[in-house]
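Close look at the chain arrangement
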Amino acid sequence: MAIKEWSKNSLLGIEDLSSDEILFLLDEAQSIKAQKTIDGSITESLRGKRIINLFMEPSTRTRVAFEIAAKSLGADVISIAGEASSLTKGETLKDTAMNVQALGADAIVLRHSSPGSPLFLSKIVNVPIINAGDGAHEHPSQALLDIYTMREKLGNLNGKKITILGDILFSRVARSNLWGLLKLGAEVTLAGPSTLVPKEFEKLGARVTHDPNEALQGADAVMLLRIQHERQQASHFPSLSEYANVFGLGRSTFNQMKNNAIILHPGPLNRGVEIESELADSNRAVILEQVSNGIAVRMAILQLCINCGEIRR
Ligand code: CP
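Here we look at the nonpolar core
With 87 residues, the main nonpolar core has Ile51, Leu144, Leu190, Leu249, Ile263 and Leu302 as its most contacted residues. Each of domain 1 (19-138 + 294-306) and domain 2 (140-291) accounts for three or more of the residues forming this core. Discounting residues that sit within four places of it in the chain, leucine 190 has contacts with Ile164, Ile168, Leu178, Val197, Phe201, Ala206, Arg207, Val208 and Thr209. Within the second largest apolar cluster, 14 residues are counted, among which are Met56, Leu93, Val100 and Ile129.

Here's the deal with the sheet that holds strand β9 (residues 262-264)
Taken together, the five strands give an open sheet; going across it, the order is β7-β6-β5-β8-β9, and neighbouring strands pair in parallel fashion. With one partner strand each, in any of the chains shown, β7 (207-209) and β9 form the two edges of the open sheet. The average undirected angle you get between the axes of adjacent strands in this sheet is 20°. Helix α6 (residues 172-183) rests against β5 (161-165), β6 (187-191) and β8 (221-224) of the sheet, and its axis sits at about 160° to β6.

Digging into the sheet that holds strand β4 (residues 129-134)
The sheet built from four strands is open, its strands ordered β2-β1-β3-β4 with parallel pairing. In this open sheet, the two edge strands, each paired with only one partner strand, are β2 (76-81) and β4. Sheet twist, expressed as the average angle between the axes of neighbouring strands with direction ignored, equals 10°. Bridging between strand β1 (residues 50-55) and β2 involves six bridges; their strand directions are parallel.

A short note on the pairing of β5
Within β5, four of the five residues are buried, which leaves the element mostly enclosed by the surrounding structure. Sheet topology note: the β5/β6 ladder contains five bridges and is parallel. If you follow threonine 163 over to β6, its bridge partner there is threonine 189. With α6 bridging β5 and its parallel neighbour β6, the resulting β-α-β unit is right-handed. For β5 and β8, the ladder comprises four bridges, and the chain directions are parallel. Across the sheet, residue isoleucine 164 finds its bridge partner in β8, namely methionine 223.

Some points on the domain arrangement of the chain
Segmentation of the chain into domains returns domain 1 (19-138 + 294-306) and domain 2 (140-291). Centre-to-centre, using C-alpha coordinates, domain 1 lies 26 Å away from domain 2. Between domain 1 and domain 2, the residue contacts involve 27 residues of the former and 25 residues of the latter. The contact between domain 1 and domain 2 buries some 2,100 Å² in all, and 59% of this surface belongs to carbon and sulfur atoms. The interface formed by domain 1 and domain 2 contains three salt bridges. Put simply, arginine 151 and aspartate 27 hold a salt bridge, and the shortest N to O gap is 3.8 Å. Across the domain 1-domain 2 interface, the total number found is eight residue pairs in polar contact (both at pLDDT 80 or more). Of all elements in the fold, only α1 (19-39), α2 (61-72), β3 (107-112), β4 and α11 (287-306) reach the threshold of two or more residues within the side of domain 1 that touches domain 2. A total of nine residues in the side of domain 1 that touches domain 2 trace back to one element, the largest contributor, which is α1.

About the cut-offs
Residues numbered from 1 in each chain as written. Predicted model: local features only at pLDDT ≥ 70, side-chain atom pairs only at ≥ 80, totals over all residues. Heavy atoms only, no water. Core = buried A, V, L, I, M, F, W, Y, C linked by side-chain atoms within 4.5 Å. Buried < 20%, exposed > 50% of the residue type's maximum accessible area, 1.4 Å probe, protein only. Domains from an automatic or database assignment. Contact = heavy atoms within 4.5 Å. Pairing = 2+ DSSP bridges. Helix = DSSP H or I, 4+ residues; strand = E, 2+ residues; numbered from the N terminus. Axes fitted to C-alpha atoms, helices over the stretch in contact; angles between N-to-C directions. Right-handed = clockwise from strand over helix to strand, strands pointing away. Buried area = accessible area lost by both parts, 1.4 Å probe. Salt bridge = Lys/Arg side-chain N within 4 Å of Asp/Glu carboxyl O. Polar contact = N/O pair within 3.5 Å; in protein donor to acceptor, adjacent residues only side chain to side chain.

Set out below in structure tokens:
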């Protein structure tokens, strides 16, 4: 039976959530999306709250979606980019967070290159911490909007075949999706070059293959991941064009999937590398719907974490 209430005040990762908590949050996002679509009304459950976006790595989608989500709920939102902050003058993340709390933050949304930094901050400050991506560890709000979009398109994910194709090793999106999809009963295949898709991932419950055709055969959805050059110290394949030839999604590999299969990508996408441009713009791609769904999902995250599960309409 699904839970009736939410008890977490921070969102650090999907690994920490139960399947019931994931479904509860997704249902809340669905209700927010329906409410906005039908009558255009905006719930102001966070009026008077101050949310600080602390982004120590570049972002377009996540930062803007969290800003829109906070404003849509009536909160004040202030975004700080790492390169424009006093971190460049030697201030620590801990001191930055304590100062942000002293300035009246009611929640901190953190993106940082260090895995575990949101957990670290959650032990230092007394306000909710929302993980907006920590190194190659987790990107929970991204996985929740991905799973939301898959459920919207495919229905119940129990038994659905989902393939994640690309740079798995360095991807926080892959890890968060893997936790979430397995908890909801999906069959997850991880695929890509052997240097970027270690067999050890099988221990987490996924199927691992280095053959894209095998990975996509009969799949309901494919999630493509870009090469995370910013986290790699060395090259893991001979060249981008060779990667694209073998692992890039083209029409022939896409045709191995089910007739109604969908294509997801967390963005930013590299056209002509992990996906052919024509497929990225096709009606099988739900990439921009993922981005739009990210607003309702992040509204649900902020509302549930800051109000400790209390839904105010
Ligand atoms: N998917 C994602 O995290 O995109 P941004 O880096 O643009 O936020």
